[in-house]
Amino acid sequence: QQKLRVSLDRKNRGGKTVTLETGFIGSEDDLKALGKLLKGSCGVGGTAKDGEIIIQGDFKQRVLDLLMAKGYTQTKPKG
């Protein structure tokens, strides 16, 4: 069971909002498979690399619901 952090981010993205998942532990292939599932479920693009998944747009609640359904737990961001 992994604890992923889901947050919204606008830094260094030209003012556009992205949903950012960090804290993934596992192989790069597993990360890409989870990223593909999330991108497909949200119907948008994104990327999965270096232990984080970036989904274009504000899909924080949808991503949280999908991750909870898959058995992941959530950690609350500090601050």
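Residues numbered from 1 in each chain as written. Predicted model: local features only at pLDDT ≥ 70, side-chain atom pairs only at ≥ 80, totals over all residues. Heavy atoms only, no water.

**Student:** How would you explain the side chain of Thr 19 if you had to name every residue and give the values?
**Tutor:** Within the element layout of this structure, Thr 19 appears in strand S2 (residues 18-22). According to the relative accessible area criterion, Thr 19 is buried, its value standing at 0%. Among the polar contacts made by the side chain of Thr 19, one reaches the main-chain amide nitrogen of Phe 59 at a distance of 2.9 Å. Not counting residues up to four positions away in its chain, the partners in contact with Thr 19 are Val 6, Ser 7, Leu 8, Ile 53, Ile 54, Ile 55, Gly 57, Asp 58, Phe 59, Lys 60 and Val 63. (Helix = DSSP H or I, 4+ residues; strand = E, 2+ residues; numbered from the N terminus. Buried < 20%, exposed > 50% of the residue type's maximum accessible area, 1.4 Å probe, protein only. Polar contact = N/O pair within 3.5 Å; in protein donor to acceptor, adjacent residues only side chain to side chain. Contact = heavy atoms within 4.5 Å.)

**Student:** Give a detailed account of the packing of helix H1 (residues 28-42) against helix H2 (residues 60-69), specifying residues and quantitative values.
**Tutor:** At a minimum axis distance of 10 Å, the contact between H1 and H2 shows a crossing angle of 130 degrees. In terms of their interaxial angle, H1 and H2 are classed as oblique. Between H1 and H2 the crossing geometry is right-handed. Each of Leu 34, Leu 38, Ser 41 and Cys 42 in H1 lies in contact with H2, whose residues at this interface are Arg 62, Val 63, Leu 66 and Leu 67. (Axes fitted to C-alpha atoms, helices over the stretch in contact; angles between N-to-C directions. Parallel < 35°, antiparallel > 145°, perpendicular 65-115°, else oblique. Left-handed = near helix turned anticlockwise from the far one by under 90°.)

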